[in-house]
Amino acid sequence: PQLGDAKVAKVFNKNFFTDFKKLFPRNGVVKKFDLLDFSKLRAHVLAEREARKGLTKEQKEAKKAIEDEKKMKYTFAFVDGNIQKIGNVMVEPPGLFRGRGAHPKTGTLKKRVMPEQITLNIGEDAPIPKCPVPGHRWGGIVHKHDVTWLATWKENVMDNTKYVWLAASSGFKGQADMEKY
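Residues numbered from 1 in each chain as written. Predicted model: local features only at pLDDT ≥ 70, side-chain atom pairs only at ≥ 80, totals over all residues. Heavy atoms only, no water.

What is the right way to look at the pattern of salt bridges in this model?
For the structure shown, the criterion picks out six salt bridges. A salt bridge links Lys64 to Asp68, with the shortest nitrogen-to-oxygen separation between them at 2.9 Å. One end of the pair, Lys64, and the other, Asp68, are both in helix α3 (residues 57-72), four residues apart, so they sit about a helical turn from each other. Exposure remark for Asp68: the relative accessible area of 36% places this residue in the partly exposed category. Close ionic contact of Glu92 with Lys110 constitutes a salt bridge, the shortest N to O distance being 3.2 Å. Within this pair, whereas Glu92 is found in the loop between β2 (82-85) and β3 (95-96), its partner Lys110 is found in strand β4 (residues 109-110), the two being separated by 18 residues in sequence. Salt bridges sharing common partners tie together Glu92, Lys110 and Lys162. (Salt bridge = Lys/Arg side-chain N within 4 Å of Asp/Glu carboxyl O. Helix = DSSP H or I, 4+ residues; strand = E, 2+ residues; numbered from the N terminus. Buried < 20%, exposed > 50% of the residue type's maximum accessible area, 1.4 Å probe, protein only.)

Sorry, what's going on with the packing of aromatic side chains here?
The description of two aromatic rings rests on the distance between their centres and on the angle between their planes. Applying the stated criterion to the full structure yields nine aromatic pairs. Taking the centre distance of 5.2 Å and the plane angle of 25 degrees together, the rings of Phe16 and Phe20 count as stacked. Note that Phe16 and Phe20 are positioned in helix α1 (residues 6-21) at a spacing of four residues, about one turn of the helix. Pair check on accessibility: Phe16 and Phe20 agree, each one buried. Plain terms: the ring middles of Phe16 and Phe33 are 6.1 Å apart, the flat faces sit at 80 degrees to each other, and that makes the pair edge-to-face. Here Phe16 is found in helix α1, whereas its partner Phe33 is found in the loop between α1 and α2 (39-53), with 17 residues between them in sequence. Ring pairs connect the aromatic residues Phe16, Phe17, Phe20, Phe24, Phe33 and Phe38, which therefore count as one cluster. Seen from the ring of Phe76, Lys85 lies directly overhead, with NZ or CZ sitting 5.8 Å from the centre. (Phe/Tyr/Trp six-rings, centres within 6.5 Å; stacked < 30°, edge-to-face > 60°. Lys NZ or Arg CZ within 6 Å of the ring centre and 35° of its normal.)

Please clarify how the sheet that holds strand β6 (residues 140-142) should be interpreted in this entry.
Paired through backbone hydrogen bonds, the strands of a sheet run either parallel or antiparallel to each other. Reading across from one edge, β6-β5-β7-β8 is the order of the four strands in this open sheet, with mixed pairing throughout. Of all the strands in the sheet, the pair left with one neighbour each is β6 and β8 (161-165). Strand after strand, the sheet turns through a mean of 20 degrees between neighbouring axes, direction not considered. The pairing of strand β5 (residues 119-121) with β6 spans three bridges and is classified as parallel. Within β6, the residue paired with Asn121 across the bridge is Val142. (Pairing = 2+ DSSP bridges. Axes fitted to C-alpha atoms, helices over the stretch in contact; angles between N-to-C directions.)

Which parts of the structure should I look at to understand the nonpolar core?
Side chains of nonpolar character tend, in soluble globular proteins, to be buried together. Ile86, Ile118, Leu120, Leu150 and Val164 are the most contacted members of the largest nonpolar core, which totals 14 residues. Going through the elements one at a time, β1 (76-79) and β7 (149-154) are the ones with two or more residues in this core. With three residues, β7 is the single largest residue contributor to this core. (Core = buried A, V, L, I, M, F, W, Y, C linked by side-chain atoms within 4.5 Å.)

Any functional reading would require information beyond the geometric quantities listed.
Dropping the structure here:
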């Protein structure tokens, strides 16, 4: 719906093309956005969407079970000797930034966050979690007792610092709320 607005679509296309050109050599042949043909890419995405829709209920459940099992490994943390649920265990995937309404950065490429960009906050005696991406390692390990985040990184679009926190339902968060109120 947002891209139906000509003004928003123009900003989206301009930002996208600016980032898109950076992916090619400086003297690349891509000069005008209007000359690009994304029809094969669009057809591929639509075919994958249809393939996902065509899965049986059992196939969807099996796929979800595999994904849940992967996430489960990172869903809980030991905090002060207690198991606590983690709120957001996944880093946002790469994609195109949309923003809300007529955002000036709509269409900007959200880059993949690599493990080297992520700092983990763990206890001094805690084992360093294995990096799940082969050939990579964590950007840093800190032992900050005065903060409640477990991991942090910077995202490229707004240059904001993002965090992994304990879940709102965790006892650690509930205890802090009780003391506060």
